[in-house]
Each structure stands twice: as structure tokens, then as C-alpha cells.
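Architecture and fold: a report
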Amino acid sequence: MNPEPAAQESLYRKEPKIYPRQVRGRFDTLRDLSMYVLLGIYYFLPWISMDGRQAVLFDLPARKFHIFNLTFWPQDFIYLALLLAIAGLTLFFFTALAGRLWCGYACPQTVWTEAFLLMERWVEGDRLKRMRLDNGPWNRERILRKTAKQFLWIAFAAWTGFTFVGFFTPIRELWSGISTFSLGPWETFWLVFYSFATYGNAGFLREQVCKYMCPYARFQSAMFDKDTLIISYDESRGEPRGGRRKGSETPEMGDCINCTLCVQVCPTGIDIREGLQYECIACAACVDICDQVMDKMGYERGLVRYTTEHSLAGGLTRVLRPRILIYGVLLLALLSGVLWSISQRVPLRAELIRDRNALYRELPGGQIENVYKLKLINMDDQAHSYRLTVLGNDQVEANTARPLSLASEEVGVFSLRLSAPATAGQGVLRLDIRFEAEDNPSIQRSASVRMLLPEKP
Ligand code: SF4
Ligand code: SF4
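Residues numbered from 1 in each chain as written. Chains lettered and ligands numbered in written order. Predicted model: local features only at pLDDT ≥ 70, side-chain atom pairs only at ≥ 80, totals over all residues.

1. Structural notes on the overall build of the chain
Note the threshold: Working definition: helices are DSSP H or I runs of at least four residues, strands are E runs of at least two. Numbering for both runs from the N terminus. Using C-alpha atoms as the atom set, the radius of gyration is obtained and then compared with a globule rule of 2.2 Å times the number of residues to the power 0.38. Burial is judged by counting other C-beta atoms within 10 Å of a residue's own C-beta: 20 or more means buried, 12 or fewer means exposed, and anything between counts as partly exposed, with every C-beta placed from the backbone. A residue pair is marked as a contact if its C-beta atoms, positioned from the backbone, fall within 7 Å.
In terms of regular secondary structure, the chain is built from 15 helices and 16 strands. Relative to the globule expectation of 23 Å for 457 residues, the C-alpha radius of gyration of the chain, 32 Å, shows a markedly less compact shape. Once the C-alpha set of the chain is aligned to its principal axes, its extents read approximately 110 × 65 × 60 Å. For the chain, the residues scored as buried account for 23% of the 457 residues in total. Taking as baseline every contact in the chain between residues at least 6 positions apart, the subset at least 24 positions apart corresponds to 69%.

Right under this line is the structure:
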């Protein structure tokens, strides 16, 4: 007789679709405000012009990042590295202090999901209507509503992709490229890619991105301590839970009436009453809805609230603690350092490279000449002519075949000849060459150079 086949378990579990219920309240208003402000900045920023060019433009082919009146070059890579360090430290600081504020109010995944949900609600209605529509037959109403929603989603996703590419290609050129069907292959690829990514992430994947794809959700708990602000259900006050009518005397019961509204509004579909979970994005929707339930029941607000583990245990929350101070001081130091360095940034680069074909040349009259390739980068948004001064030896003369004049953001390569009498020194002469804008002496940069002279017998 054959043995019974072992029961097989699928490695893939289909997630049930979540229909978050709409909620109104203090934190919902804050979330809406944050969404409108952030989306407003994102969609309008590339349309702002300044001095005849797009104010914020990451011009990759030209290797220049324009951010209002600042232009960053590949030579400014250090600022990008520092910016990433500041972003990381800011995340550490705010997570240790206030938990997942970023996830709840500012993460692009949250913000775009909110926007897509808003469109979904406009077209299909709130939770119950959407559930009924999805479980009903494919009748005229369902087809019309689903088509209208898809139309809105696709249009919004396409505009998002277009705007994203507009940070890298001047957005007006991009628009005319689209309207005349003359867009390049790369722009077309990235436009379609980002539109599709927005549509997929905000329309379909939604909370799955936070639960399974986002690394921050996994490691943020390492930054939490017992004084970190979290959203929590007050078990000591809420339990034992149970349904009841308003005004009924139930001294043996806690304040939770088990209405499950906090679960229905949750965009990740979890039950906050089961304790702190990594799926919780701290959107505070459950705080708003539970406060409304408490108001209706005539109970004190705050059964679900922003709190800390210390406070829940009856202790005092310490805001200033070592990790907050360390993150804060590091962040402040890094921020002030970067701001100071940007304010002191000289929009000129000078590089000198020896001509390797000849060590030196003897000229008639006993002069010795060394030839260099001089690369000057005018990183300013104005044209400049530069004055050249040799420092360290007043017998050395410098000559260039043409004036050191550069248009704004121009890179110029010049041939520089240094000459000196053979008696000016012997072997290697170490010199500094200073380049200074004639119309603005604060724009000056020095480059060190070695001049070779014959060894004396
Ligand atoms: S909304 Fe408040 S009262 Fe209702 S189930 Fe959730 S915690 Fe309990
Ligand atoms: S548990 Fe509350 S705060 Fe956390 S994601 Fe759900 S609704 Fe938002």
C-alpha cells in the first residue's frame, strides 16, 4: 500500500487586499498637508527658472548639478558624500527621537500611495463601497469606475515619470520632445520606467513595499529605545476589551470597545492592539479613529496614542539621552561644516600638469623654460578673466599663449610656460602659482608646481 503523500505547503502566500477606511483627524490633516507640500515641491520645482536656465537641474551629460544659484561639478563630489552622510544621520536622529516619522509623513512610498488612494476613493468610494465593487459582478458600473480609476492612475504616474526625468533633462525641452515625438531613447526608457514604477508601487504594491521591500523597516528597531516616540495601544487601560453601548456601566471592562476601526483604517492591515510591529508605518490613522471612538463613548482620548515604552510603563520619558545627544551633535557639526564650506567655496579650479616630452629647454640668453598644461574651470555663473602670479621666486616668469579668459561654466586648457635664468636655482624649484579673477579678487586659487633647472656641475 502506498503511504499517504506528505501535505505540501506553498512557499508563496497571497496577501489579502487591504481596503483602508478613510479617517479624519489631527494627524490625517498633517499627513494631507505633508502630501500636498511634498508633491507640490516635486511637481513644480523643475518648472522654476533662474538666470535663463532651470533652477534645479541634474545635468548628467554636462556633469553639472544646478541647484538654484549653485552649480556643483564632479570636483564637488565631496558635497554629495557629505549630503548622504547628513541624510543618514538625520534619519538616525529622528528615528531615535520620534520613531518612524519619516515613514508616516514623508516617505515617497507613503506620499504617492496616499495620492493614489485619494484617487481611488474619489472614483470608487470608501472602504465598504470598494469592497462591494471588487466582490460584485463585472457590470457597467464596475467597468466604468475601474476604467476611470486606471485612467487617473496612469495619467498621474506618467506625469510623475515625466517630472522625474525633467530633473535630469530640461523639462521644457522634454515636453517639446514629447509633443513632437522626438524624444531620445534614454529619456523614453526612464520616463516609461519611472511611470511604471510609480504605478506599480503606489497603485498595487503599496504596503507590501513597506513590509517586504524596504530595508529601513527592518533595521529601524535597532535605533529604538524605551524613550523613542511610538504609536501604541494602552493595554492597561484598554483591556479587557469588549463591545458595549454608550453609557452602559461596565467597570470590569477596559476602554477598548473592540470596534476594530483601528484595524480598518490601517494602511498595512495590522492590529495595533497586538503591540509594536515592524509593519507599523506610524501613520497615526489608528490614533485619529480611536480618539473619535473615545469621544463618542465619552471616554478620555488617547487609548491609542503617541507615547513611549517608558511612559506606558508609568515612568518618565527622557528626551535628552546619550544617543540623541551624540546624533544631534554629529548632525549639527556636519551641517554647519557643509554650510560653511559651501559659503567659502571658490568657483574656480586650477590644475597644472607638466609636459612630459621635455624636462626643460634652454633658451637663448641663458633662460630655462618648463612647459605645462594648465586646466582652468570657471565654476561661476559669470565670465571671468584671470591674473596669474608666480609665488616663491620672483625670477620666474610665466606666459600663456592666450589670455586666461573663460565664459561662465567653461573649462579652458592653456599652455603655460615658466622661464627663469639658469642661476635662479638648481635641480627642482617648488613654486605656487596663483590665479585670481581680475573683477573679483575673492575668486582665487593656487596650484603647486615643480620647475626643473639644470644641476650645477
Ligand atoms: S479603535 Fe480604539 S476602541 Fe476601537 S478597537 Fe481600536 S483600540 Fe479598541
Ligand atoms: S498601526 Fe496605526 S500607526 Fe501603524 S500603520 Fe496601522 S494605522 Fe498606521
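2. Quick look at the pairing of strand 4 (residues 64–67)
What counts here: Pairs of strands are assigned from DSSP output, requiring at least two bridges between the strands.
Across four bridges, strand 3 (residues 56–59) lies against strand 4 in antiparallel orientation. Following the sheet pairing, Phe58 is matched in strand 4 by Phe65. Bridge count between strand 4 and strand 5 (residues 70–72): three bridges; the pairing is antiparallel. Note that in strand 5 the partner of Phe65 across the bridge is Phe72.

3. Comments concerning the sheet that holds strand 3
Cut-off, in case you're wondering: Note on method: axes are straight lines fitted to C-alpha atoms, helices fitted across the in-contact stretch only, with angles between N-to-C directions ranging 0 to 180 degrees.
Strand order in the open sheet formed by three strands is 3-4-5, and the pairing between neighbours is antiparallel. The two strands at the open ends of the sheet, each matched to only one other strand, are strand 3 and strand 5. Sheet twist, expressed as the mean angle between neighbouring strand axes with direction ignored, is 15°.

4. What to know about helix 2 (residues 77–98)
Cut-off, in case you're wondering: Multiplying 1.5 Å by the residue count of a helix minus one yields the expected span of that helix.
Here helix 2 spans 31 Å end to end across 22 residues, near enough to the 32 Å set by a 1.5 Å rise per residue. Remark: Gly99 follows helix 2 within two positions and exhibits a positive phi of approximately 65°.

5. Here we look at the domain arrangement of the chain
Note the cut-off: Those domain boundaries reflect an automatic or database domain assignment. For this classification, the nonpolar set comprises Ala, Val, Leu, Ile, Met, Phe, Trp, Tyr, Cys and Pro, the charged set comprises Asp, Glu, Lys and Arg, and every other residue, Gly included, is treated as polar.
Entries for the chain in the domain assignment read domain 1 (15–345) and domain 2 (348–453). Summarising the inter-unit geometry, the C-alpha centres of domain 1 and domain 2 are found 54 Å apart. Each side of the interface is counted separately: domain 1 has six residues, and domain 2 has five residues. When its residues are assigned to classes, the side of domain 1 that touches domain 2 shows one nonpolar, three polar and two charged.

6. Concerning the environment of Leu89
Topologically, Leu89 is positioned in helix 2. The class for Leu89 is partly exposed, based on 19 C-beta atoms found within 10 Å. Considering only alpha carbons, one finds Leu89 and Leu331, 242 residues apart in sequence, at a separation of 6.2 Å. Beyond its immediate chain neighbours, meaning those up to four positions away, Leu89 contacts Tyr327, Leu330, Leu331 and Leu334.

7. Some thoughts on the site of ligand 2
Rule in force here: Put plainly, near means the residue's C-beta atom, positioned from the backbone, lies within 6 Å of the molecule or strand in question.
Close contacts around ligand 2 come from 14 residues, with Cys266, Ile272, Cys280, Cys283 and Cys286 the closest. Grouping the constituent residues of the shell around ligand 2 by class yields 13 nonpolar, one polar and no charged.

8. Description of the packing of helix 4 (residues 108–124) against helix 6 (residues 140–165)
Filter applied, for reference: Throughout this description, any angle smaller than 35 degrees is read as roughly parallel, any larger than 145 degrees as roughly antiparallel, any in the 65 to 115 degree range as roughly perpendicular, and the remainder as oblique. By convention, the crossing between two helices is left-handed when the near helix turns anticlockwise from the far helix through less than a right angle, and right-handed when the turn is clockwise.
Following both chains from N to C, one finds helix 4 and helix 6 inclined at 155°, their axes separated by 9 Å at the closest point. As far as their axial angle goes, helix 6 and helix 4 are roughly antiparallel. Two packed elements cross with a definite hand, and for helix 4 against helix 6 that hand is right-handed. Contacts between helix 4 and helix 6 pair Ala115, Phe116, Met119, Glu120, Val123 and Glu124 from the former with Arg145, Ala148, Lys149, Leu152, Trp153 and Phe156 from the latter.

9. Considering the nonpolar core
Filter applied, for reference: Nonpolar cores are identified as sets of buried Ala, Val, Leu, Ile, Met, Phe, Trp, Tyr and Cys residues joined via C-beta atoms within 7 Å.
With 26 residues, the main nonpolar core has Ile231, Ala285, Cys286 and Val304 as its most contacted residues. Going through the elements one at a time, strand 6 (230–233) and helix 13 (285–297) are the ones with two or more residues in this core. Contacts of Val304, omitting those with residues within four sequence positions, involve Ile231, Tyr233, Cys262, Ile272, Cys286, Val287 and Cys290.

10. Things to note about the site of ligand 1
As a structural note, the neighbourhood of ligand 1 is formed by 15 residues, with Cys256, Cys259, Leu261, Cys262 and Cys290 the closest of them. Of all the elements in the fold, those that place two or more residues in the shell around ligand 1 are helix 12 (261–264) and helix 13. The leading source of residues in the shell around ligand 1 is helix 13, at three residues.

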